[in-house]
Amino acid sequence: DGGITQSPKYLFRKEGQNVTLSCEQNLNHDAMYWYRQDPGQGLRLIYYSQIVNDFQKGDIAEGYSVSREKKESFPLTVTSAQKNPTAFYLCASSMFRGLKRTGELFFGEGSRLTVL
Amino acid sequence: AQKITQTQPGMFVQEKEAVTLDCTYDTSDPSYGLFWYKQPSSGEMIFLIYQGSYDQQNATEGRYSLNFQKARKSANLVISASQLGDSAMYFCAMREGSGAQKLVFGQGTRLTINP
């Protein structure tokens, strides 16, 4: 079945360590996104990418990095520069809007990162 | 300023009743889209319904309908005949303009359906 796969589902990190969250999609979507969700809060955009080898900062990009070397993959690295990395991270993808009127985002099941 | 405001942190509704979840938005862009997502306790985000700013009619999808009042900048979600499985967090989101599909989300409303 087509969808978005995020791994790992749960991740524990010591302070000062970088960690990479994986996001893979087989929906043939052009655009991919990373959102962060804190308890009881809405989602905030970290980074997004509309095409391969190109990405833009979202509202809270500091302390994070991404790459988009393949259409299917958009990994997120949480660096030691991120002061409060404990959160739920959601990856999403979307079709180019010209092909679909609504252009809704399709989400993965999320990765929960805890800093010890 | 908040672009998406959901004023109800939590709502409790009896099973089979209808429920309205409030959402107001703020934008000066004439082209925008409004979305509602459901987030069960498992964490995934499930797309429910979409309303475009130029759509003449309110969107409907099964038991979900969107009460779109453009002049008031509100896009309330109406769930008819609520079910126990409707218990979840509900998020309103907006996309501005015709470029990237960046969505801005509200803080969410936790809906609890009582048997």
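Heads up: the structure comes first, above all this text.
Residues numbered from 1 in each chain as written. Chains lettered and ligands numbered in written order. Predicted model: local features only at pLDDT ≥ 70, side-chain atom pairs only at ≥ 80, totals over all residues. Heavy atoms only, no water.

Draft legend 1. Quick peek at the state of the cysteines. Residues and elements named next belong to chain A. The final tally for this structure, using the stated rule, is two disulfides over all chains. Here Cys23 is linked by a disulfide to Cys91, with a sulfur-sulfur distance of 1.9 Å. Given an S-S torsion of about -75°, the disulfide between Cys23 and Cys91 has left-handed geometry. Separated by 68 residues along the polypeptide, Cys23 in strand β3 (residues 19–25) and Cys91 in strand β9 (residues 87–94) bring together distant segments of the chain. (Disulfide = S-S within 2.5 Å. Helix = DSSP H or I, 4+ residues; strand = E, 2+ residues; numbered from the N terminus.)

Draft legend 2. Just the nonpolar core, in detail. Residues and elements named next belong to chain B. Membership of the largest hydrophobic core comes to 25 residues, with the highest contact counts inside it found for Tyr25, Trp36, Ile49, Leu77, Tyr90 and Leu111. Looking at this core, the elements with two or more residues in it are β2 (10–14), β3 (19–21), β5 (32–39), β6 (46–52), β8 (64–69), β9 (74–79), β10 (88–96) and β12 (109–114). The element best represented in this core is β10, accounting for four residues. (Core = buried A, V, L, I, M, F, W, Y, C linked by side-chain atoms within 4.5 Å. Buried < 20%, exposed > 50% of the residue type's maximum accessible area, 1.4 Å probe, protein only.)

Draft legend 3. Region of the structure containing the pairing of strand β6 (residues 54–57) of chain A. All names here are of chain A. Bridging between strand β5 (residues 43–51) and β6 involves three bridges; their strand directions are antiparallel. In the strand pairing of β6, Tyr47 is matched with Lys57. Hairpin connection from β5 to β6: two residues lie between these consecutive antiparallel strands, with Asn53 at a positive phi of about 65°. (Pairing = 2+ DSSP bridges.)

Draft legend 4. Layout of the interface of chain A and chain B. Listed by partner, the interface residues are 23 residues for chain A and 21 residues for chain B. For the pair chain A and chain B, the summed buried surface comes to about 1,800 Å²; carbon and sulfur atoms form 53% of the total. Scanning the region where chain A abuts chain B turns up zero salt bridges. Put simply, chain A and chain B have four residue pairs in polar contact (both at pLDDT 80 or more) between them. When residues of the side of chain A that touches chain B are traced back to their parent elements, those giving at least two are β4 (31–37), β5 and β9 of chain A. (Contact = heavy atoms within 4.5 Å. Buried area = accessible area lost by both parts, 1.4 Å probe. Salt bridge = Lys/Arg side-chain N within 4 Å of Asp/Glu carboxyl O. Polar contact = N/O pair within 3.5 Å; in protein donor to acceptor, adjacent residues only side chain to side chain.)

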